Amino acid sequence: MEKKKTKVKPQARRKLSKRSIALIILLIVVLVASGLIAYRVISLKEAVLNETTVKTLSENPTCAISINSNIAIGNSQGYVAVFDSSGNSQFLKKIDSKIFGLVLNPNDNSLVVAGVSYHFLDKNFKELFKVSFTNFIPKEPFVGFLSNGQIKLVFQSVKDLSYQIVTIDKTGKVLTKDTIPDMQQNSSLSISPSGLVVLFLESGEVYLLNGSRIQAKVSLDAKSGAYINGAFTLFVKDNIIVGYRNLVKDPNVKEIQTLPVYFYNSSLTQVGKYDLDSSINSVYASQNEVVISAEGGFYFFDTTGKLLSTLTSTDSSPYFYSETSKAQLFVYKTSNEKSSPYFQTVLKDQNGKEIGRFIRAFAIDNPMFILSNDSYEVFIIEGTSIKVIKK
């Protein structure tokens, strides 16, 4: 007798509750977020520049520059020292009674030391000769290297504050002396590769000098209602940049108050002008561009004043810019009355790709940042400490 087959009814699929679906979605979101956070942490770790203290000095340096991958410093006791990025001494010698500045000759990597006299050292730091005059001391911009191989030196009288511009040959032989009388006000000057000198007075007069002869003169537009001061001027190739560094706005003036920067050609004909809305912290000039670090951003210009690009910042103030054939250095500053200033350095290659960044509070308000000429390293001088940041 056959048994009747009983049909087994398939069980109905259980539907997920809304709560279960929500939990699954939440789990997926958490896993994805965790992955992104881990990736971000790894990326940040890779982008952080590491800081190392490599040398502690006996006193604060008065000046510092990069020579190849080393740093050269001068101090108020007249010493010049050169250290590598590990802090090893490459050169140490008392050159003069005080060091005001150091200038690297880009043509042969020789060094000009501006002490009470000008001292010329070869690339191995052997002194070749010195140039000095009684009652005159070196004055910024110190040195101009001319396209014909000659060198112009800037002196200032300790008696009447007049300038003396001296032209020498490669052996130190004095060829010419030109005197610029004291104008009874703040001023700035710069030297072109052709030997011309531009003198910019705080009052707004700009003089182009060929030896002792005034070749051209212009007066800037009347100052705005704001208080502006801190005259500066630079030769970039054969073009001239003049302007003021400081802008103090008058709250009682309704008109827009700006800080003008002027661009002239070699005959003092204006070819460009740009109005900034904040003070200037530093100005960098190469053969082909001018970079102004102002509180509103980094501004990149060509030598005629055409604005090429800007890099703005809202939470910190652009403080300093420098570049070499390998890298670009951007330095930002954040400060308030209640805490020490924070400085952030961003290092990029010449293609704009970020190499890394570094940020911390500093014990002083004006540290020096020196970008190495031959490596992706940055020297920081904070008081008597020399530090190096790198990957």
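Now for a quick tour of the structure.

Reading the values: rules and limits
Residues numbered from 1 in each chain as written. Predicted model: local features only at pLDDT ≥ 70, side-chain atom pairs only at ≥ 80, totals over all residues. Heavy atoms only, no water. 1 Å grid on protein atoms, 1.4 Å probe; cavity = no way out; pocket = protein on both sides within 12 Å on 5 of 7 lines; lining within 4 Å. Points joined across faces, edges and corners; volume = space filled by probe spheres on them. Pairing = 2+ DSSP bridges. Helix = DSSP H or I, 4+ residues; strand = E, 2+ residues; numbered from the N terminus. Axes fitted to C-alpha atoms, helices over the stretch in contact; angles between N-to-C directions. Buried < 20%, exposed > 50% of the residue type's maximum accessible area, 1.4 Å probe, protein only. Nonpolar A, V, L, I, M, F, W, Y, C, P; charged D, E, K, R; others polar.

1. Things to note about empty space enclosed by the protein
Tallied over the entire structure, the rule returns one cavity of 30 Å³ or more. One number sums up the size of the largest cavity: a volume of about 50 Å³. Lining of the largest cavity is provided by Lys152, Ile165, Asp178, Ile180, Gly195, Val197, Leu209 and Gly211.

2. Some remarks on the sheet that holds strand 24 (residues 297-302)
Remark on secondary structure: sheet strands pair via backbone hydrogen bonds, oriented parallel or antiparallel. The antiparallel open sheet is built from four strands, whose spatial order is 22-23-24-25. The sheet is open, and its two edges are formed by strand 22 (280-285) and strand 25 (307-312), each paired on a single side. Taking the axes of each pair of neighbouring strands and ignoring which way they run, one obtains an average angle of 15 degrees across the sheet. Note that strand 22 and strand 23 (residues 289-294) share five bridges and pair antiparallel. Considered in strand 23, the bridge of isoleucine 280 is made with alanine 294.

3. Some remarks on unusual backbone geometry
At the junction of glutamate 140 and proline 141, the peptide bond is cis and its omega measures out at 10 degrees in the coordinates. Here proline 141 shows up in strand 10 (residues 136-145). With a phi angle near 55 degrees, asparagine 68 is a residue other than glycine that sits in the positive phi range. Examined against the element boundaries, asparagine 68 turns out to sit in the loop between strand 2 (63-67) and strand 3 (70-74). Of the residues examined, asparagine 68 reaches a relative accessible area of 31% and is grouped as partly exposed. A positive phi angle is found at phenylalanine 125, which is not glycine, with a value near 70 degrees. Relative to the elements of secondary structure, phenylalanine 125 occurs in the loop between strand 8 (118-121) and strand 9 (127-131). Relative accessible area serves as the criterion here: at 17%, phenylalanine 125 is assigned to the buried category.

4. Focus: the sheet that holds strand 7 (residues 111-114)
Read across the open sheet, the four strands follow the order 6-7-8-9; overall the sheet is antiparallel. Single-partner strands in this sheet number two, and they are strand 6 (101-104) and strand 9. For this sheet the average axis-to-axis angle between neighbouring strands, irrespective of direction, equals 20 degrees. Of the strand pairs in this sheet, strand 6 and strand 7 are connected by four bridges, and their pairing is antiparallel. Residue valine 103 lies in a different strand from strand 7, and its bridge partner there is valine 112.

5. Let's talk about the layout of surface pockets
Taken as a whole, the second largest pocket encloses approximately 270 Å³ of empty space. Looking at the lining of the second largest pocket, the elements that each hand over two or more residues are strand 7, strand 8 and strand 9. Grouping the amino acids of the lining of the second largest pocket by side-chain chemistry returns nine nonpolar, five polar and three charged.

Limitation: the analysis is restricted to geometry and does not speak to function.
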